[in-house]
Amino acid sequence: QKEVEQDPGPLSVPEGAIVSLNCTYSNSAFQYFMWYRQYSRKGPELLMYTYSSGNKEDGRFTAQVDKSSKYISLFIRDSQPSDSATYLCAMSASGGNEKLTFGTGTRLTIIP
Amino acid sequence: GAGVSQSPSNKVTEKGKDVELRCDPISGHTALYWYRQSLGQGLEFLIYFQGNSAPDKSGLPSDRFSAERTGGSVSTLTIQRTQQEDSAVYLCASSPGSGYTFGSGTRLTVV
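Here the residue index of a chain counts from 1 through its sequence in written order. Ligands are numbered from 1 and chains lettered from A, in the order in which they are written. Since the coordinates come from a predicted model, pLDDT governs what is reported: local features require at least 70, and pairs of side-chain atoms require 80 or more to be given and counted, while whole-chain, interface and lining totals use all residues. Hydrogens and water molecules were not included; the side-chain quantities draw on all heavy atoms of the structure.

**Examining the interface of chain A and chain B**
- It only takes one pair of heavy atoms within 4.5 Å for two residues to be counted as in contact. In this complex, chain A contributes 18 residues to the contact, which on the side of chain B involves 25 residues.
- Values labelled buried area give the accessible surface lost by two parts on being combined, using a 1.4 Å probe and summing over both. For the chain A and chain B pair, buried surface summed over both sides reaches about 1,600 Å², with 49% attributable to carbon and sulfur atoms.
- We define a salt bridge as a side-chain nitrogen of Lys or Arg found within 4 Å of a carboxyl oxygen belonging to Asp or Glu. The interface formed by chain A and chain B contains zero salt bridges.
- Here a polar contact means two N or O atoms within 3.5 Å. Within protein one must be a hydrogen donor candidate and the other an acceptor candidate, and residues neighboring in sequence count only if both atoms are side-chain atoms. Where chain A touches chain B, the interface holds six residue pairs in polar contact (both at pLDDT 80 or more).

In structure tokens:
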């Protein structure tokens, strides 16, 4: 079993819809949780960075962490065609320089 | 430069040949990472350099893989005697202390 599980999709939704992306994990030492967005033929770029349990909002994006369930989510409101990309969750036990454990990524397409 | 630069962007090599992949991190970033991204496998950690400390090589899949970082800046990932299963996108990232910036990767195809 992988340390981090992520539904690979693909996921297609109409423009303007709310998107929910999720990851589960097994390592209870993970405390720092990230979401990366990766466009085709590009490297991943950091979208959201959260520590421990709770919610964090940044514009149309909300990250949620539930450590008791070992479950994290990324919500995208008012989805746009430009949000079409692969979304990867990542996590680590410490917030400093440390290797990250990534999910496999979910490919998202927003249909105009 | 403004970002992490990787070269070449694409590399096709014959099975059994050696390849070198280069990463120029963001100036001043003390940490440098190599990951491998295969279809359906997500990002797999390979190696991590932090300042002058000994690198964390725990992710290197075999002794055919090695990496060095010269002068705390540029890094080279070397794969010897390439195999078809080495075909993947090799991503480099650098960090000043928290949060990575990735390069666009080198797409390696072994034929």
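Still more ground to cover, so stick around.
**Quick look at empty space enclosed by the protein**
- Both site types are read off a 1 Å grid over the protein atoms alone. A 1.4 Å probe that fits but cannot get out defines a cavity, while an open set with protein on both sides within 12 Å along at least five of seven lines defines a pocket; lining residues have an atom within 4 Å of a point. Grid points are joined across faces, edges and corners, and a volume is the space filled by probe spheres set on the points. Tallying each qualifying case throughout the model produces one cavity of 30 Å³ or more.
- In this structure, the largest cavity spans a volume of roughly 70 Å³.
- As for the largest cavity, its lining consists of 13 residues, of which M34, G95, G96 and L100 of chain A together with G99 of chain B are closest to the centre.
- If you tally residues by element for the lining of the largest cavity, the top one is strand 4 (residues 32–38) of chain A, at three residues.
- Charged means Asp, Glu, Lys or Arg here, nonpolar means Ala, Val, Leu, Ile, Met, Phe, Trp, Tyr, Cys or Pro, and polar covers whatever is left, Gly included. Its residues assigned to classes, the lining of the largest cavity shows six nonpolar, six polar and one charged. Here a strand is any run of E in DSSP of at least two residues, a helix any run of H or I of at least four, and the numbering for each starts at the N terminus.

**Topic: the sheet that holds strand 1 (residues 4–6) of chain A**
Residues and elements named next belong to chain A.
- Spatially, 1-3-8-7-6 is the arrangement adopted by the five strands of the open sheet, whose pairing is antiparallel. Unpaired on one side and paired on the other, strand 1 and strand 6 (54–58) mark the two borders of the sheet. Averaged over all adjacent pairs, the angle separating strand axes in this sheet is 15°, with direction ignored.
- DSSP bridges decide pairing: two strands pair if at least two such bridges lie between them. In this sheet, strand 8 (residues 71–76) lies alongside strand 7 (residues 61–66) in antiparallel orientation, the contact comprising six bridges. Within the sheet, the bridge partner assigned to D66 lies in strand 8 and is Y71. Axis lines are fitted to C-alpha atoms, over the contacting stretch for helices. Their N-to-C directions set the angle, which ranges from 0 to 180 degrees.

**Observations regarding the pattern of salt bridges**
- Following the criterion strictly, the structure yields six salt bridges over all chains and no others.
- Here R60 of chain A makes a salt bridge to D83 of chain A, at a shortest N to O gap of 2.9 Å. Residue R60 of chain A is found in the loop between strand 6 and strand 7, and its partner D83 of chain A is found in the loop between strand 8 and strand 9 (85–92); the two are separated by 23 residues along the sequence.
- For every residue, the accessible area obtained with a 1.4 Å probe (protein chains only) is divided by the maximum for its type, and the residue is called buried under 20%, exposed over 50%, and partly exposed between those limits. Judged by its relative accessible area of 26%, R60 of chain A is partly exposed.
- Where R36 of chain B meets E44 of chain B, a salt bridge forms, and the shortest distance between an N and an O atom there is 3.0 Å.
- Look at R36 of chain B and you get buried, because its relative accessible area is 10%.
- The exposure class of E44 of chain B is partly exposed, given its relative accessible area of 32%.

**Examining the side chain of Q37 of chain B**
- Along the chain, Q37 of chain B falls in strand 4 (residues 31–38).
- The buried category is assigned to Q37 of chain B, whose relative accessible area is 16%.
- Only 2.9 Å separates the side chain of Q37 of chain B from the side chain of Q38 of chain A, close enough to count as a polar contact.
- Non-local contacts of Q37 of chain B, meaning those with residues more than four positions away in its chain, are made with Q38 and L88 of chain A together with G42, L43, A88, V89 and L91 of chain B.

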